[in-house]
Amino acid sequence: MATSVSSSSLAINGGSKAVAGQDDQLFRWPIVTAEDEQAVLDVLRAGNMSGIDITQKFEAEWGQYLGTKYNLGHCNGTMALLAAMFAVGLGRGDEMILPSITYWASGLQTYSLGATPVFADIDPVTLTIDPKDIEHRITPKTKAICVVHYCGHPCDMDAIMPIARKHKLKVIEDVSHAQGTLYKGKRVGAFGDAAGISMMAGKSFPTGEGGMFCTNDEMIYQRAVAFAHYERIGSDVTDPKLRNQCIGQGRIGALPLGGVKGRMNQTASAMGRVQLKHYEKRIKEIQDAINRFWDLLEGVPGLRPHRPAKGSGSTMGGWYNPLGHYLPEELGGLSVDKFVEAVNAEGGRVGRNINFPLHLSPVFLQADIYRDGKPTRNAFTDRDVRQQAGSLPHSEAAGERCVGVPYFKHDQPEIITRYAEAYKKVALRAEELL
Ligand SMILES: Cc1ncc(COP(=O)(O)O)c(C=O)c1O
């Protein structure tokens, strides 16, 4: 690494920048080529946006990729996850355990089903749900656990699944950050009972707006169809009891039990089919780039990679929203905000980038959404399940102990070295910022 930059003063204090230029192509996402354009145009020209034939092809190809037998395209990941919650049986009065550090759509849908979210803490190293913090939260009302492979890091499924099986709980995997992530050699999304996956444009697997529900359990699949896909109930829901709930006698058609429509727009499915063809190659390049960045920073105080150990067979997939561990105690107590400001002054492109702890949001502490005269969090349960500040220490500390890192989409060693130099320079000169 060039020592000349490290030896110059910090850009925030008037020194030269470690990173010059904008490098827009390095970060640009999604990668859209003439092949995507043609596939989408074909759908538009055929006026076939609301059909399901292309979506069904995409589902079959996606299922082959992930290792799931039943796959159902959705309009977004939020809807795919809502369908998964309903499909595994979550309903009125049930509880679902999930991590507090995630996007709201890993669990806020519980409210729509009359169910209650219960947050578990994260493991401070993996930033995913801490298996050791799950079991003591299980009550007779607990029906499911939703695990989130956060920022591409796989959850510890070998520890989680036995807990779930012991207590007869269903496991939903939120794979929105981790399409293609390997856990001990196997793609995440097929470990639990069902998975929900965002495929919105910013995700590592992009279709514009879209989502996928996946399962290997036929009955769970049929329930997902019955929930939000009225157009497939007649063909795909064969269970007599479920079918009778959706379809009346005579000329009365099929109605979805969720009262919602989850269908994926076929322009998104068409794009998804093209994206899938190139996906493994593209995420390999992302992994090479971000691993390169972290290898360059080995031994630098205050910074550690967020990634599984080398040789574990686990990967970060498309490494959505890459983060690093930030250790202020090694940098004289420098706050992450100040660190980020200084890296950005060097020409870096960084934010803090971690989700806020959901359990402290007013939506989970105060909001009375359905006018029950009490917070919705407690409206479907007989006890106060709210979790106040101080209750989930690792989730609450994560904002101060994580830092965003550049989301490289291409492995360009020379430029990546400059970005690594920006982080290194600020870390080595942290005392100048105190
Ligand atoms: C972890 C997680 N779950 C669910 C979702 C919801 O997906 P969508 O935005 O496609 O509805 C997102 C992202 O947006 C997410 O980051």
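Residues numbered from 1 in each chain as written. Predicted model: local features only at pLDDT ≥ 70, side-chain atom pairs only at ≥ 80, totals over all residues.

Colleague: Can you break down unusual backbone geometry residue by residue, with the values?
Modeller: The omega torsion of the bond from W29 to P30 falls at -5°, within 30 degrees of zero and hence cis. Position of P30 relative to the elements: it lies in the loop between α2 (24–27) and α3 (34–46). The phi torsion at K168 lies on the positive side, around 55°, for a residue other than glycine. With respect to the helices and strands, the residue K168 is situated in the loop between α6 (157–166) and β5 (170–174). (Helix = DSSP H or I, 4+ residues; strand = E, 2+ residues; numbered from the N terminus.)

Colleague: Residues and numbers for the site of the ligand, please.
Modeller: Residues in close proximity to the ligand total 15 residues, the closest being N76, G77, T78, Y103 and S198. Of the residues forming the shell around the ligand, the biggest block, 3 residues, is contributed by helix α5 (residues 77–87). When grouped by side-chain class, the residues that make up the shell around the ligand number 5 nonpolar, 9 polar and 1 charged. (Near = placed C-beta within 6 Å. Nonpolar A, V, L, I, M, F, W, Y, C, P; charged D, E, K, R; others polar.)

Colleague: A description of the sheet that holds strand β1 (residues 70–74) should follow, citing residues and the corresponding values.
Modeller: Judged by pairing direction, the sheet is mixed, and its 7 strands sit side by side in the order β1-β9-β8-β5-β4-β2-β3 without closing on themselves. Across the chains shown, the open sheet's two edge strands, defined by having one partner strand only, are β1 and β3 (116–120). Direction aside, neighbouring strands of the sheet carry axes that sit 20° apart on average. Alignment of strand β8 (residues 194–198) against strand β9 (residues 211–215), held across 4 bridges, turns out to be antiparallel. Bridging across to β9, I197 finds its partner in M212. In this fold helix α7 (residues 218–228) packs onto β1, β8 and β9, with an angle of close to 20° to the strand it touches most, β1. (Pairing = 2+ DSSP bridges. Axes fitted to C-alpha atoms, helices over the stretch in contact; angles between N-to-C directions. Contact = placed C-beta atoms within 7 Å.)

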